[in-house]
Every structure is written in structure tokens, then in C-alpha cells.
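Structure at a glance
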Amino acid sequence: MRTQVCIIGGGPSGLLLSQILHRAGIDTVVLERKSRDYVLGRIRAGVLEWGTVELLRSAGVGARMDAEGFAHDGTFLALQNRGFRIDFRQLTGKQVMVYGQTEVTRDLYDARAAAEGKILHGVEGVTLHDPDGDAPFVSYVLNGTEHRVDCDYIAGCDGFHGVSRTSVPAAVRKEYERTYPFGWLGILSQTPPVSHELIYANHARGFALCSMRNRHLSRYYIQAPLDDPIEKWTDDRFWDELRRRIPDDAAQSLVTGPSVEKSLAPLRSFVAEPMRWGRLFLVGDAAHIVPPTGAKGLNLAMSDVHYLSRALIAYYRDRDVGGIDRYAATALARAWKAIRFSWWFTTTMHRFPDQSEFDQRIQESELEYLEHSAAAQTVLAENYIGLPY
Ligand code: RFL
Ligand code: PHB
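Residues numbered from 1 in each chain as written. Chains lettered and ligands numbered in written order. Predicted model: local features only at pLDDT ≥ 70, side-chain atom pairs only at ≥ 80, totals over all residues. Heavy atoms only, no water.

1. Describing the overall build of the chain
In terms of regular secondary structure, the chain is built from 12 helices and 20 strands. Computed over C-alpha atoms, the radius of gyration of the chain comes to 21 Å, within 12% of the 21 Å expected from 2.2 N^0.38 for 389 residues, which places it in the range of a compact globule. With the C-alpha coordinates of the chain rotated into their principal frame, the extents come out at 60 × 40 × 40 Å. Sorting the 389 residues of the chain into buried and exposed places 55% on the buried side. For the chain, the exposed surface amounts to about 16,500 Å²; the carbon and sulfur share of it is 50%. Placing the 44 positive and 48 negative side-chain charges of the chain at their respective mean positions leaves the two points 1 Å apart. (Helix = DSSP H or I, 4+ residues; strand = E, 2+ residues; numbered from the N terminus. Rg over C-alpha atoms; globule rule 2.2 N^0.38 Å. Buried < 20%, exposed > 50% of the residue type's maximum accessible area, 1.4 Å probe, protein only. Areas by Shrake-Rupley, 256 points an atom, 1.4 Å probe, with all protein chains shown as cover. Lys, Arg positive; Asp, Glu negative; His and termini not counted. Charge placed at Lys NZ, Arg CZ, Asp CG, Glu CD.)

2. Some details on the site of ligand 1
Looking at ligand 1, there are 31 residues lining it, with Glu32, Arg42, Gln101, Asp285 and Leu298 nearest. Take Arg33: an N or O atom from its main chain is 3.2 Å from a nitrogen atom of ligand 1. In this structure, Asn299 approaches ligand 1 through a main-chain N or O atom, which is 3.1 Å from an oxygen atom. Elements that contribute at least two residues to the shell around ligand 1 include exactly α1 (12-23), β2 (28-32) and α9 (297-318). Here the shell around ligand 1 gets 4 residues from one element, more than from any other, and that element is α9. Of the residues in the shell around ligand 1, the class split is 13 nonpolar, 10 polar and 8 charged. (Near = heavy atom within 4 Å. Polar contact = N/O pair within 3.5 Å; in protein donor to acceptor, adjacent residues only side chain to side chain. Nonpolar A, V, L, I, M, F, W, Y, C, P; charged D, E, K, R; others polar.)

3. Structural notes on the sheet that holds strand β7 (residues 96-98)
The 3 strands are arranged β3-β7-β4 in an open sheet whose pairing can be described as antiparallel. Because the sheet does not close on itself, it has two edges, and the strands there are β3 (47-48) and β4 (70-72). Bridge count between β3 and β7: 2 bridges; the pairing is antiparallel. In the sheet register, Leu48 faces β7, and the bridge partner there is Met97. (Pairing = 2+ DSSP bridges.)

4. Here's the deal with the pairing of strand β16 (residues 217-224)
Burial within β16 is extensive, with 8 of its 8 residues counted as buried. Residues of β16 alternate between two faces, with Leu217, Arg219, Tyr221 and Gln223 on one and Ser218, Tyr220, Ile222 and Ala224 on the opposite face, all of them buried. Of the strand pairs in this sheet, strand β13 (residues 174-189) and β16 are connected by 7 bridges, and their pairing is antiparallel. Looking across to β16, one finds that Ser189 is bridged to Ser218.

5. Considerations on the environment of Ser164
Looking at the secondary structure, you find Ser164 in the loop between β12 (153-156) and β13. Dropping the residues within four chain positions of it, Ser164 is found in contact with Ile8, Leu128, Gly156, Asp158, Leu280 and Leu282. (Contact = heavy atoms within 4.5 Å.)

6. Looking at the side chain of Gln95
Locating Gln95 in the fold gives a position in the loop between α5 (88-92) and β7. Using a relative accessible area of 16% as the deciding quantity, one classes Gln95 as buried. Within the structure, Gln95 has its side chain in polar contact with the side chain of Asp73 (distance 2.8 Å). If near-sequence neighbours (up to four positions away) are discounted, Gln95 is found in contact with Trp50, Ala71, His72, Asp73, Arg89 and Ile385.

7. As for the site of ligand 2
Ligand 2 sits among 14 residues. The nearest are Tyr200, Ser211, Arg213, Tyr221 and Pro292. Taking Ser211, its side chain carries an N or O atom lying 2.6 Å from an oxygen atom of ligand 2. Sorting the residues of the shell around ligand 2 by element identifies β15 (208-214) and β16 as the ones contributing at least two each. With 3 residues, β15 is the largest single contributor of residues to the shell around ligand 2. Residue composition of the shell around ligand 2, by class: 8 nonpolar, 3 polar and 3 charged. For the shell around ligand 2, the two domains that each supply at least three residues are domain 1 (5-72 + 96-177 + 268-346) and domain 2 (180-266 + 350-385). (Domains from an automatic or database assignment.)

In C-alpha cells:
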């Protein structure tokens, strides 16, 4: 098989890239290891930056998001059960959209299916060949038979555990990493959200986040030790712990119910450089990971897709390689700013096992400063709603 751009990974970044390139007349093949149902079963991001919203609209996949998503003007932060609000709209003129990654992915699958896009599920043993040569190809096994796709370019959209990043030789690759000594225990429940906007809570017992998917579906997280067995976290224990950590008025009005999903995710900051190796581009989680505190992971994946799709379209339309040559530097410059913001917000909001009383007072002053300084709030707001592309 031959295509122009072979895309490894059918998560949000791979699907959006194939959708945008298709609309520009560029042929792609998407190779995805898992089934479509498995990909749609992963509960992940919930908050879209406005740049992501506009990108999805311009790719022709914004209709259901506009009908069913919720535009939020601000968010609440809390310190020891007392909350205050950051008004994004007043501070920056922009909002964010609450619309789950599952829904974004479903819309992209539907759009690709309507256009008869080539997405192969259940591929195994994906291997990249000669990504830095003139004639790269990708081999894979499907239903026990080996196949190959010859292509002009390879887009590595295969997430943190994919094969694309490690196809960049170790001698060329530089990785930067910080891990955090705790995880996020998340549950999804068919209950009305406790607040009309998100609540990020700093508490002596650990961080908590109240989020949502729609009027009847809530998403809550609490900071928890990574080695805690998940069976220990019965629904009742989760709700009790959440109630203790959030503002009093929210705790009193919290509606609880059985969880429909429960998982414990590790937190990590990670960047791999370069994001381009010859004819291979790394996109999204394949190149960088952020802790979820700033709601940046999916949004960063989307901005990478924006830069890469623009570069490939200029190449196929005018043989202009400028965007391709600038892709790594442009995407990394934006990614590092989101890495910084996510690290700062994580550090400010969580309880660290080795936190001294001094560290504790610094955290409290940071939040008190945020509560009363329009300048500090603007810094948070402009990062949260998303830096410009
Ligand atoms: P994905 O979504 O991991 O997709 C990669 C795809 O590649 C496939 N794959 C392979 N296919 C073929 N061959 C191989 N060898 C392969 N290896 C892997 C995988 O099966 C998969 O389908 O990466 P992508 O597209 O770059 O998208 C990134 C986002 O998924 C991620 O950044 C976000 O989910 C992060 N994230 C959040 N981001 C936000 O912007 N806002 C949020 O509110 C937010 N909340 C979150 C999050 C991530 C979380 N977890 C569990 C990691 C909350 C959580 C709890
Ligand atoms: C979510 O709704 O899953 C969510 C929202 C905000 C975050 C992280 C996750 O910062």
C-alpha cells in the first residue's frame, strides 16, 4: 500500500491530523493498535482551550461540540475549604469548552468514516523503516499477515507508550522528565455536577478536582498514593474523602452515586527532543506528557496537529518545506510553556510527601496572592485558556 502520510496511532491527534489532511486532498493511512471501542472507552480529558475549539470547527468536526459542550467563563480555586473564582472571560476575553475527549474522538471517527478514511484497527508489530531516508515505510501485522505502507512522511501520533519516539536514535534523542510522588484517583458518576464551573482544591489531606462531562455526568479526582490498591477505594470512601477536601458549600450540596469508572493515573512531566527526525514527526503524547492539573495534554496534542498539518499542506500545495523545517522548534516552544504551567499548577495545588512547613506557607501565600492580585490571576487565566498558536 502507498500513501502520502502514514499516521501511527488513532487517538485524538492521529485522527484530527488525518481529518485535516484529507480536507486538503492529502492521502493518509492511520494504523491503530486497539479497537475503536477500546479507544472510545478511555476516559481522559475534559477541557478544551478555545484554540482547540476553533481548530475542531475548522476541521468540520465542531457541530456536536457546539451543540452539547459547555463554554465556561471561569473556574474556582480553593484553599482549605474556602474557594475563590478566576474569571477567564473578564481577564482574557476568552473561555474554555467542557467537552470530553471521548466525544471529540467519537466525532473524529464519525467524520473519518463518512469520508471513507483508511483507519486500520488491531495492527500489531508496527515498525518504522528509514524514517530519516528518502523512502520511508512502515510495516505491521494484521490478522497474522505482514503488510507495509510506503509513504512520504510518518506522523508518530502513538502516545507515550508508542513506537515512534524510540525510532529516533538514542544518540540524537534527549529526554527531560519529572515524576510526581502521587497519582490522581478519578471517578465518573451519573450525578449532577456539584458546581457549574470546575473546582481545583488545595487541602491538607491532598488535592481534589470537581469536573464534569454534562448536566448528568460528573468527573471527580482526588490526589492519592500511587501504590494504593484501587479496591481499597470503595465509592463511599472516595466520596467521604472528596467531601473533606472541597469548599464547605460544595461539600454540603455534593450529590453522590455509584461510580461508572474508577482509575488511578500517575502524574508526569516529560519532553522528548527533537520532535522531527528526517521524515518522522512526533505529535502529542508521543513527544510530551504533562500532569493533568492544567488540562493541557489534549490541547497540546491539538496544537501540534495544527502546526504539522499547516506545514504538510504548504509542502504538498507549493513544495514549500519551511513549515516542515520549523515544525520541531515551533511545537516545542509552545509545549515547554504548557509544561511549565502544568508543573507550576501541580506544585501549587498538591500535598508532597516531603513538604516542609516552609513549603506549605509558600503554597498558601501563592494562593492568597492569586486570590487578590489581578496580575497573578491574568497569568493563570491566559495559560489556562491556552497560549496563542
Ligand atoms: P493518545 O490518546 O494516547 O493516542 C495514542 C494512540 O496510539 C495508539 N498506539 C499505537 N497504535 C499503533 N501501534 C502502536 N505501537 C501504538 N502505540 C500506541 C494508542 O492505542 C492510542 O489510541 O495520544 P494523543 O492522540 O497524542 O492524545 C493525547 C491525549 O490523549 C492526552 O494528552 C490527554 O488525555 C491528557 N489529559 C488531558 N488533556 C487535556 O488537554 N485536558 C484534560 O482535562 C486532560 N485530562 C488527561 C486528563 C489524561 C489523563 N490520563 C489518564 C492520562 C485526565 C487524565 C486522567
Ligand atoms: C477532566 O474533566 O477530566 C479534567 C478537567 C480538568 C483537568 C483535568 C481533567 O485539569
